[in-house]
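# Descriptive analysis of the structure
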Amino acid sequence: MNLSVKNKTLLFTVLVIFVFASIILGLIYVKQKDTLIETQKEYFENVKYLYSKVKSKHENFYINWSLLNLESMGIKEAFYNQNREELYKLSHTIWNTLQKENKDLALMSFHMPDGTVFLRMHDIDNFGDNVSNSRTMVRKVHIKKNVLFGFESFSNNLAYRIFQPIFYKEKYIGALEFGLRPDYILNDVNYYHKVDGALFVKNTEQNGFLKKTSKINDFVLQYNVLLNEKLLTYFPENYNFESFININTPDGDTWSVYSFDLKDFNNDVAAKVIFFKDITNDILEFKNSIINLTIILMILTVIVFVVVNIGFNSSIRNLERKYIDVSAYKNMVDENVLIYSIDLNGIILDVSDAFCRICGFSQKELIGKSFEVFAHPELSKEFFTKIWESLKYKKTWTGDVKNLKNNGKYYWTHVNIQPRLRENLLVGYDVIMHDITDKKINEELLVTDGLTHIYNRRYFNDIFPRMIKSAQRDGGYLSFLILDVDNFKLYNDTYGHQAGDKALIAVANVLNESLNRGDDFCFRLGGEEFGVLYKSSNEEDAYLFAQKFRKNIMALNIQHEKNENEGVLTASFGLVSLKGDELLSNDEMYKIADEYLYRAKKEGRNRVVSKLV
């Protein structure tokens, strides 16, 4: 069949467009698929971290509480003298407090060295039985006389148990035991992070948590925090607690399922913890993006075909059609892509409607202004200086930027700045972004203290060495201030732990509000101990800034009658401030600051001690 030049050209054009569109669609499909998988892996790592964090939190909490109980006046003496009534009376307040704070706390018992139970706070009329033969952890704590914690099954009941040895007058007199229901992990993860979960216990009889018991292999469902219990029926037939699978429900929802071994103190698997994450929206977004992209490519194919066809008939009509197509494409970009253009001085020349929607500014408010207009106040001038230096030498810049909306709220974008050329001359830059706010919020949760909402010890350990390297490179003084609330144990004993938490929150707010620069940081290092990292021009300024923190805490005027010197809540401070070329490692700086803090406590509290004082 003979084809005209026009038809041959059209056929060739269509084939080229089809091949090109197919390649693009395939590449984007693979990229989107990889992104979806990475998102699921990220969910898995987040859940894994939260799971380990919950376990660690309870271990530390009950070990500290057991020590606090034993150090209470008369506890050890009553136990040593085998005065059961007095021991119960002295421990009753702490037992009630712990039960109110944690509904999963099941037992608190005092064990004699011969293996008998001296007192069960949860069952005061039941004592005198010897449990060391049937319970390995009881026997082991009496032999080792060390702290023990871990899961242990007894009488078909799995519990997380913490044992604290008790010494009186340097003599071992027994041990204190706390026991938690194993589902505390599910309750905490669900309460704090809204993640559904279920607990399957090995070789355990039905214990009343569900009307119907589910079983997978040798594991029986003991407890769940599922809004939809039918999820437990959607596992594949050969499911064997794989660490990570996806399941689909008849309703069309998709869930990622993450399984973790819950091991007893002998490191044997005692239970399986399963968490469920609804990824239906992620799957739907993935499918919709591919469908929308396919439609767009098909439309473009038709448009190009029409344009080429018309072009052979009239060059003018061809130009008109191209203009319409370009305008339509520009409108598509304008409505869906976060993008704006700037000149060589950073002045905004054009901005898409999609970006206006996310930032809350109109085009009129943005065009003609510096692109720093929506930058978050935390971003320093040095940050933008480094961007311009990168554009000057590399011609491009890529990174994450925290921006401020018109209504005062913030959002995060991943930014790619590319050069814009005209006749091979650089005339400005195109800034292309995508919204990563949800990802950043998840990252912030991992580095934020749950009580005070300032940075936690984990982030402090990460940022401290980086700030030292930065100061060594750029010069100037880096200061580390460590502070400890004075007589805080007495404050808790006097006003209660709830008041103590409020006081710690108030101190954290004062520290945070007292910071002046975007690259100054405050942290809760643990308990009533806080840290501040900041830069200064000299040691004197650093010391005056530390005094500002001290005075601002006093200005809270929080009553503390057991704080003998002041009568209000105060703090003691240790400050180390070193110039860039004198800076030590973070461990050495921490040690020096801690020694200064010790001096401040010893010399009367409510003071700042440094090399200058």
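Residues numbered from 1 in each chain as written. Predicted model: local features only at pLDDT ≥ 70, side-chain atom pairs only at ≥ 80, totals over all residues. Heavy atoms only, no water.

## Observations concerning the overall build of the chain
A count of helices and strands for the chain gives 16 helices and 21 strands. When burial is assessed residue by residue, the chain has 44% of its 613 residues classed as buried. Excluding contacts between residues fewer than 6 apart, the proportion of contacts in the chain whose partners are at least 24 apart in sequence is 56%. When the accessible surface of the chain is totalled, it reaches about 33300 Å², and 52% of it is carbon and sulfur. (Helix = DSSP H or I, 4+ residues; strand = E, 2+ residues; numbered from the N terminus. Buried < 20%, exposed > 50% of the residue type's maximum accessible area, 1.4 Å probe, protein only. Contact = heavy atoms within 4.5 Å. Areas by Shrake-Rupley, 256 points an atom, 1.4 Å probe, with all protein chains shown as cover.)

## Here's the deal with the sheet that holds strand 19 (residues 529-536)
As summarised here, the arrangement of the 5 strands in space is 18-19-17-20-21, forming an open sheet in which the pairing is mixed. Two strands bound the open sheet, and with one partner strand each, they are strand 18 (521-526) and strand 21 (608-609). Each of strand 17 (477-485), strand 19, strand 20 (571-579) and strand 21 touches helix 15 (residues 539-555); the most contacted strand, strand 20, lies at about 160° to it. (Pairing = 2+ DSSP bridges. Axes fitted to C-alpha atoms, helices over the stretch in contact; angles between N-to-C directions.)

## Looking at the packing of helix 13 (residues 488-495) against helix 14 (residues 497-514)
Between helix 13 and helix 14, whose axes approach to 7 Å, the crossing angle comes to 135°. The angle between helix 13 and helix 14 places the two elements in the oblique class. Contacts between helix 13 and helix 14 involve Phe488, Tyr491, Asn492 and Tyr495 on the former and, on the latter, His497, Ala499, Gly500, Ala503 and Leu504. Tallied by class, residues from the contact of helix 13 with helix 14 come to 6 nonpolar, 3 polar and no charged. (Parallel < 35°, antiparallel > 145°, perpendicular 65-115°, else oblique. Nonpolar A, V, L, I, M, F, W, Y, C, P; charged D, E, K, R; others polar.)

## Things to note about the sheet that holds strand 12 (residues 338-343)
Consider a sheet: its strands pair through backbone hydrogen bonds, and that pairing is either parallel or antiparallel. Overall, antiparallel pairing links the 5 strands, which are arranged 13-12-16-15-14 in an open sheet. Every interior strand has two partners, whereas the edge strands, strand 13 (348-351) and strand 14 (397-404), have only one. For this sheet, the mean inter-axis angle between neighbouring strands, taken without regard to orientation, is 30°. Across 3 bridges, strand 12 lies against strand 13 in antiparallel orientation. Bridge pairing links Tyr340 to Val351 in strand 13. Sheet strands in contact with helix 10 (residues 381-393) are strand 12, strand 14, strand 15 (410-422) and strand 16 (425-435), and its direction is about 150° off that of strand 14.

## Quick notes on helix 3 (residues 84-101)
Note: α-helices contain 3.6 residues per turn, so residues at a spacing of three or four share the same orientation. Given a rise of 1.5 Å per residue, 18 residues ought to cover 26 Å, and the 25 Å separating the end C-alpha atoms of helix 3 matches this to within 8%. Ser91 marks where helix 3 bends most, by close to 45°. Residues Leu87, Ser91, Ile94, Trp95 and Leu98 constitute the buried set of helix 3. (Expected span 1.5 Å × (residues − 1). Bend = angle between axes of the 7 residues up to and from the residue.)

## So, the pairing of strand 14
Of the strand pairs in this sheet, strand 14 and strand 15 are connected by 8 bridges, and their pairing is antiparallel. Its bridge partner being in strand 15, Gly399 is matched across the sheet by Val415. Once strand 14 ends, the chain turns through 5 residues before running back antiparallel as strand 15, passing Gly408 with a positive phi of about 95°.

## A short note on helix 12 (residues 457-474)
Here helix 12 spans 25 Å end to end across 18 residues, near enough to the 26 Å set by a 1.5 Å rise per residue. Along its length, helix 12 reaches its greatest deviation from straightness, about 25°, at Ile463, and the proline Pro465 lies no more than four positions downstream. Where helix 12 is buried, its residues contact strand 17, strand 18, strand 19 and helix 16 (586-602). Here helix 12 starts with a cap whose side-chain oxygen sits 3.2 Å from the backbone nitrogen of Arg458, and that cap is Asn456. Phi for Gly475, located one or two positions after helix 12, is positive at around 85°. (Polar contact = N/O pair within 3.5 Å; in protein donor to acceptor, adjacent residues only side chain to side chain.)

## Regarding the state of the cysteines
Following the criterion strictly, the structure yields 0 disulfides and no others. As a non-bridged cysteine, Cys359 has Cys356 as the owner of its nearest cysteine sulfur, 5.4 Å distant. The exposure class assigned to Cys359 is buried, which follows from its relative accessible area of 0%. (Disulfide = S-S within 2.5 Å.)

## Overview of the confidence of the model for the chain
Averaged over all residues, the pLDDT of the chain is 83; the fraction at 70 or higher stands at 88%. Looking over the chain, one finds the lowest element-wise mean pLDDT in helix 7 (residues 315-336), namely 59, and the highest in strand 21, namely 96. Within the model, pLDDT remains below 50 along residues 204-212, and this stretch shows 13 contacts once partners closer than five positions in the same chain are excluded. (pLDDT = per-residue confidence, 0-100.)

## With respect to the nonpolar core
Membership of the largest hydrophobic core comes to 48 residues, with the highest contact counts inside it found for Phe79, Leu87, Phe110, Ile185, Leu262 and Phe275. A per-element tally of this core places helix 1 (residues 5-71) first, with 6 residues. Among the nonpolar cores identified, the runner-up in size contains 30 residues, and Ala508, Leu569, Phe573 and Leu575 belong to it. (Core = buried A, V, L, I, M, F, W, Y, C linked by side-chain atoms within 4.5 Å.)

## Some details on the environment of Lys76
Positionally, Lys76 belongs in helix 2 (residues 75-80). Between the alpha carbons of Lys76 and Lys169 there is a distance of 9.5 Å; along the sequence they are 93 residues apart. When sequence neighbours within four positions are dropped, the list of residues in contact with Lys76 reads Leu70, Glu71, Ile166, Phe167, Tyr168 and Ile173. Only 3.2 Å separates the side chain of Lys76 from the backbone oxygen of Phe167, close enough to count as a polar contact.

## Focus on the pattern of salt bridges
The final tally for this structure, using the stated rule, is 16 salt bridges. Arg135 serves as the salt-bridge partner of Glu152, at 3.6 Å between the closest nitrogen and oxygen. Of this pair, Glu152 sits in strand 3 (residues 148-154) while Arg135 sits in the loop between strand 2 (117-120) and helix 4 (136-144); the two residues are 17 residues apart in sequence, bridging distant segments of the chain. A single network of salt bridges, built from pairs that share partners, joins Arg135, Glu152, Arg161 and Glu177. (Salt bridge = Lys/Arg side-chain N within 4 Å of Asp/Glu carboxyl O.)

## Considerations on the pairing of strand 5 (residues 171-180)
Look at any regular strand and the pattern is simple: side chains alternate between the two faces of the sheet. Taking burial as the measure, the 10 residues of strand 5 include 9 buried ones, the bulk of the element. With 6 bridges connecting them, strand 1 (residues 105-111) and strand 5 associate as antiparallel partners. Considered in strand 5, the bridge of His111 is made with Ala175.

## Digging into the packing of aromatic side chains
In this structure the tally under the stated criterion is 35 aromatic pairs. The interplanar angle of 55° and the centroid separation of 4.9 Å between the aromatic rings of Phe545 and Phe549 together place this pair among those described as tilted. Of this pair, Phe545 and Phe549 both sit in helix 15, 4 residues apart, which is roughly one turn of that helix. You can call Phe545 buried: its relative accessible area is 11%. Following the ring pairs from residue to residue traces out a cluster consisting of Tyr455, Tyr459, Phe460, Phe464, Phe480, Phe521, Phe523 and Tyr590. Sitting over the face of the ring of Phe127, Arg84 holds its NZ or CZ atom 3.6 Å from the ring centroid. (Phe/Tyr/Trp six-rings, centres within 6.5 Å; stacked < 30°, edge-to-face > 60°. Lys NZ or Arg CZ within 6 Å of the ring centre and 35° of its normal.)

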